[in-house]
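Survey of secondary and tertiary structure
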Amino acid sequence: MHLMGLHDEVDSALMRIRQLDFDVDLSMSQFEAMIRVVGGLLSIYELRGEKEPEIIEKVRDIADRLLWAYNTTSGVPHQTVNLQTRIHNNPDWSGGLSVLSELGTVQLELRTLSFHTGDPIYDMKATHIMSVIRKTAPRDMLCPVFMSAVSGRWSNDHIALGALGDSFYEYLLKQYLLTGKTEETYRDMFAAAMNAIVDKLLFHSIPSGFTFVAEYRRGDYYYKMDHLACFIAGTLAYGAHAIDSPRKAEVIRAAAGITKTCYLMYHRQASGVSPEYVEFPGKGDFINGAGYYLLRPEALEAMFYMWRLTGEEQYRTMGWEMFQAIVRHCRVESGGFAGLREVNVPQPVKDNLQQSFWLAETLKYAFLLFSNESVLDLNEWVLNTEAHPLKIRRRDPLDVWRAYESKTGQVRWRGPAKFVEGFEVETDLMRQQRLAGRAIRPPSRDSFGSETENPGDDESGPFDPVTMVDSVIPASLVKMARSDGNVQPLPTQDPQWYITTTTTRRPAPKTPKPRVSDADRARAVERQRELRKREKQR
Ligand code: DMJ
């Protein structure tokens, strides 16, 4: 609405947002809430000139609740979190594991939130996940789609650019772009993934030569492409250009091929709307997999990036045909839009749901495809995975600390940071608790500055209090410990900050924490609820 100049509508939406109460007994996906709610609110805050602190307070309220899901042994977040009870977990369908596209797609939002609040906790949580990934990722950066939140290790060989994997690859590039191309580690990770996608996952169907990206699992290729995977065309083309890859021409050619196939996924259906996924049996031309359409944006997203990059009219022509088909079949007479149950029929039946990404993404990409570039300058803005624009800022990773210091006066910025490799780091409080043989409880927000990184997982037993990966912490809070466990004094004269770049995991204590039974936990939650109710009544 803001990009379209509908400012009165934005005003009234913000009025409602101010009234939202996030203190509800409701479990939700921390990732979906992060990219939609946190991302959306940060975006409108920035687009309107960063003058409404109450929006940031709202974001902070929900983000702090979502961060409970990050209280795991590895620091890799669980999928689901309850906004009130703090209970967080990974559901059964994923075998109790965390999902790559979720844990790798919160960094733009959390780092932007740190910038605006001056509180580094969000940034640290986000970059910590990237460190866990980097430590165990294959050299080509094609990472399996599931990771254990306990060990921080991958759990199978399934590689996908569609469901479960997609936006992880998008955020490798966009993390590099968001900080004004200052963090080369993300450029390198993206470049590795980009090259591997083109070298290992890209195919051309027989006989028609449709370009597509396959999945890989159980030691073999699976020739299937999700509608979700169409985003990779835009990401590859935009990325090759942004990092000025020596393989730029080749990558843009591959991206153009994928974009064309995504168009054909629409064009070849009786309704003109794409199915959820297609299969290329034996690398043959595609046939429909699941035939439903959820109002997804990725094909129009590809058209948008290809148009911006090449200026070739064909992308507007294809996009217009797709957009018209969607509007023709998905518009609901009484208002709004809905998905379709089966697309390969002339008159598809609607489902009963308007996904929020229809407004945030699909319509936005369609609008931007036909707008002047000045409506959204990609030199100034990066679109998060839900297409909410976030402002590009050249950033020193220490800026969040400086801002925190100047705001609270709690720590003083005087000198350069000390980069520490091969050390474990622990704060005084961590040390005291370790020596006393006590597991550290997850910190409350108030305890920031003493215990922020890698809080223990209250559900999966004791955690290693001295593991801290690629973090920035003020020297005043640090004791150094070598990996043999002997605590050493600070090794140099009075550095103000420590940045750890590696860590050695200390074996978890032998004596397991007494397990709390499900019944006990349920009783405790019930008790809490009762107390809160009484509190409210009072
Ligand atoms: C959106 O929520 C985001 O683009 C996400 O990254 C994956 N897919 C949906 C829309 O299809």
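Residues numbered from 1 in each chain as written. Predicted model: local features only at pLDDT ≥ 70, side-chain atom pairs only at ≥ 80, totals over all residues. Heavy atoms only, no water.

1. A short note on the state of the cysteines
Applying the stated rule across the entire model yields one disulfide. One disulfide in the model links Cys230 with Cys262; its S-S distance is 2.1 Å. Between Cys230 and Cys262, the S-S dihedral sits near -105 degrees, and the bridge is therefore left-handed. Of this pair, Cys230 sits in the loop between β10 (224–226) and α9 (231–242) while Cys262 sits in helix α10 (residues 248–267), and the two are 32 residues apart along the sequence. Across this residue pair, the class does not change: Cys230 and Cys262 are buried. (Disulfide = S-S within 2.5 Å. Helix = DSSP H or I, 4+ residues; strand = E, 2+ residues; numbered from the N terminus. Buried < 20%, exposed > 50% of the residue type's maximum accessible area, 1.4 Å probe, protein only.)

2. A look at helix α5 (residues 107–117)
Across the eleven residues of α5, ten count as buried, placing the element largely inside the fold. Restricting attention to buried positions, one finds in α5 the residues Gln107, Leu108, Glu109, Leu110, Arg111, Thr112, Leu113, Ser114, His116 and Thr117. Taken from the residues just after α5, Gly118 is the one with a positive phi, measuring 75 degrees.

3. So, the site of the ligand
Around the ligand lies a shell formed by Ile35, Arg36, Asp166, Ser167, Leu228, Arg296, Pro297, Glu298, Phe357, Glu361, Thr385 and Glu386. Interatomic distance of 2.6 Å between a side-chain N/O atom of Thr385 and an oxygen atom of the ligand. A distance of 2.6 Å separates an oxygen atom of the ligand from a polar atom in the side chain of Glu386. Protein chains shield 92% of the accessible area of the ligand, which is 290 Å² for the free molecule. Among the residues making up the shell around the ligand, the classes are represented as four nonpolar, two polar and six charged. (Near = heavy atom within 4 Å. Polar contact = N/O pair within 3.5 Å; in protein donor to acceptor, adjacent residues only side chain to side chain. Areas by Shrake-Rupley, 256 points an atom, 1.4 Å probe, with all protein chains shown as cover. Nonpolar A, V, L, I, M, F, W, Y, C, P; charged D, E, K, R; others polar.)

4. Section: the packing of helix α2 (residues 30–47) against helix α3 (residues 53–66)
At a closest axis distance of 9 Å, the pairing of α2 and α3 adopts a crossing angle of 165 degrees. Considering the angle they form, α2 stands roughly antiparallel to α3. Of the two possible hands of crossing, α2 and α3 adopt the one that is left-handed. Facing α2, whose interface residues are Gln30, Ala33, Met34, Val37, Val38, Leu41, Leu42, Ile44 and Tyr45, α3 presents Pro53, Ile55, Ile56, Lys58, Val59, Ile62, Ala63 and Leu66. Considered class by class, the residues forming the contact of α2 with α3 number 15 nonpolar, one polar and one charged. (Axes fitted to C-alpha atoms, helices over the stretch in contact; angles between N-to-C directions. Parallel < 35°, antiparallel > 145°, perpendicular 65-115°, else oblique. Left-handed = near helix turned anticlockwise from the far one by under 90°. Contact = heavy atoms within 4.5 Å.)

5. Some details on the packing of helix α7 (residues 166–178) against α9
Packing of α7 against α9 leaves a shortest axis separation of 10 Å and a crossing angle of 25 degrees. As far as their axial angle goes, α9 and α7 are roughly parallel. Crossing angle aside, the handedness with which α7 passes α9 is left-handed. Mapping the contact onto sequence places Asp166, Ser167, Tyr169, Glu170, Leu173 and Leu177 in α7 and Phe231, Ile232, Thr235, Tyr238, Gly239 and Ala242 in α9.

6. A few points about unusual backbone geometry
Pro207 follows Ile206 through a cis peptide bond whose omega is 10 degrees. Looking at the secondary structure, you find Pro207 in the loop between β6 (202–204) and β7 (211–213). With a phi angle near 65 degrees, Lys283 is a residue other than glycine that sits in the positive phi range. Summarising the element assignment, Lys283 is placed in the loop between β11 (277–279) and β12 (287–288). The class of Lys283 is partly exposed, set by a relative accessible area of 28%. The phi angle at Leu295 is positive, at roughly 75 degrees, despite the residue not being glycine.

7. Considerations on the environment of Ala290
Positionally, Ala290 belongs in the loop between β12 and α11 (298–310). Once the C-alpha coordinates of Ala290 and Val343 are considered, the two residues, 53 residues apart in sequence, prove to be 9.5 Å apart. Setting aside residues no more than four positions away along its own chain, Ala290 makes contact with Pro275, Glu276 and Tyr277.

8. Considerations on the pattern of salt bridges
Summed over all chains, the structure comprises 25 salt bridges. Between Glu184 and Arg187 there is a salt bridge; the shortest N-O distance is 3.9 Å. Here Arg187 and Glu184 lie together in helix α8 (residues 184–201), a separation of three residues that amounts to about one turn. Of the residues examined, Glu184 reaches a relative accessible area of 44% and is grouped as partly exposed. Classification of Arg187 by relative accessible area gives partly exposed; the value is 25%. What emerges from the salt-bridge pattern is a single network uniting Asp11, Arg18, Arg48, Glu52 and Glu54. (Salt bridge = Lys/Arg side-chain N within 4 Å of Asp/Glu carboxyl O.)

9. Some words on the sheet that holds strand β3 (residues 88–89)
Across a sheet, strands are paired by hydrogen bonds formed along the backbone, either parallel or antiparallel in direction. On the basis of which strands lie adjacent, the open sheet formed by three strands has the order β1-β2-β3 and antiparallel pairing. For this open sheet the edge positions go to β1 (27–29) and β3, each flanked by a neighbour on one side alone. Summarising the sheet, strand β2 (residues 80–82) and β3 pair through two bridges and their orientation is antiparallel. Bridge assignment links Val81 to a residue of β3, and that residue is His88. (Pairing = 2+ DSSP bridges.)

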